[in-house]
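Here's the letter readout for the chains.
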Amino acid sequence: MRDTKVWISALILLILGLHAVPVLSYQGMRQTRWPFLTWAMYAKAYPPGPIQTMNRFLIGTTLRGQKEEVTPRLVGLTKPSFRNMYINPLYRGDSALAGELISRLNRGRDDPFVELRTIGTRYAIADTGVVTEQLPVFVYRAEPSAMR
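Structure report, in brief.

Definitions and cut-offs
Residues numbered from 1 in each chain as written. Predicted model: local features only at pLDDT ≥ 70, side-chain atom pairs only at ≥ 80, totals over all residues. Heavy atoms only, no water. Helix = DSSP H or I, 4+ residues; strand = E, 2+ residues; numbered from the N terminus. Buried < 20%, exposed > 50% of the residue type's maximum accessible area, 1.4 Å probe, protein only. Polar contact = N/O pair within 3.5 Å; in protein donor to acceptor, adjacent residues only side chain to side chain. Contact = heavy atoms within 4.5 Å. Phe/Tyr/Trp six-rings, centres within 6.5 Å; stacked < 30°, edge-to-face > 60°. Lys NZ or Arg CZ within 6 Å of the ring centre and 35° of its normal. Pairing = 2+ DSSP bridges. Patch = residues over 30% accessible without salt bridge, like charges linked within 9 Å, V, L, I, M, F, W, Y side chains within 5 Å. Areas by Shrake-Rupley, 256 points an atom, 1.4 Å probe, with all protein chains shown as cover. Salt bridge = Lys/Arg side-chain N within 4 Å of Asp/Glu carboxyl O.

Within the chain, the regular secondary structure consists of six helices and five strands. Here the chain holds 148 residues, and 26% of them are scored as buried.

Given below as structure tokens:
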């Protein structure tokens, strides 16, 4: 009976000791948090409050008047890169970046984009249900040199 308790205690100590492996073996910036906080879902705690999410779209209008959704694939980026490089700044009103995006989109196109428009909705869960709010619409027009 005593040997079983010793083995169980040793196993528990081994498991607890293995928690230090990620902290000790991390090569980048020194990690000082509990090992499982390396993963973002545990590391970034949010204060209590309403749960919010947003659906945001970028609609491009071509010279011929066609409307087309501007997607990460159309730009040649991954979704997170597209969001961080273009969507977030455009929703903050960065017009210089809009010109850069229009130029990037128009490379090799027969029907160039002349306008970009943001469309979005914010959803929040409240005690009364789901609350929706339309995000501000920003319209960015291409300069004549960007349409070539």
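From this point, the discussion proceeds with the structure in view.
As a further point, take the side chain of Asn 88. With respect to the secondary-structure elements, Asn 88 resides in helix 5 (residues 79–91). Judged by its relative accessible area of 19%, Asn 88 is buried. At a separation of 2.6 Å, a polar atom in the side chain of Asn 88 contacts the side chain of Arg 56. Apart from the residues within four sequence positions on either side, Asn 88 is in contact with Arg 56 and Arg 83.

Once that is clear, we can look at the packing of aromatic side chains. In total, this model carries two aromatic pairs according to the counting rule given. Pairing Phe 82 with Tyr 86 gives two aromatic rings, centres 6.2 Å apart and planes at 50°, and the pair type is tilted. One end of the pair, Phe 82, and the other, Tyr 86, are both in helix 5, four residues apart, so they sit about a helical turn from each other. On the basis of relative accessible area, Phe 82 is assigned to the buried category, the value being 4%. A ring pair is formed by Phe 138 and Tyr 140, whose centres lie 6.3 Å apart and whose planes are at 20°; its orientation type is stacked. Classification of Phe 138 as partly exposed rests on a relative accessible area of 25%. Arg 56 extends its terminal NZ or CZ atom over the ring of Tyr 91, reaching a point 5.3 Å from the ring centre.

Taken together, the six bridges between strand 3 (residues 113–126) and strand 4 (residues 129–134) define a ladder with antiparallel strand orientation. Looking at the pairing, Ala 126 lines up with Gly 129 of strand 4.

Mapping Ile 102 onto the fold places it in helix 6 (residues 95–106). When its relative accessible area of 0% is taken as the criterion, Ile 102 is described as buried. Put simply, Ile 102 and Tyr 140 are 38 residues apart on the chain and 9.1 Å apart in space, counted from C-alpha to C-alpha.

Turning our attention to a nonpolar patch on the surface. Together, Leu 11, Leu 14, Ile 15, Leu 18 and Val 21 make up an exposed nonpolar region whose accessible area comes to about 460 Å². A total of four residues in the nonpolar patch trace back to one element, the largest contributor, which is helix 1 (residues 2–18). Within the fold, Val 21 resides in helix 2 (residues 21–25).

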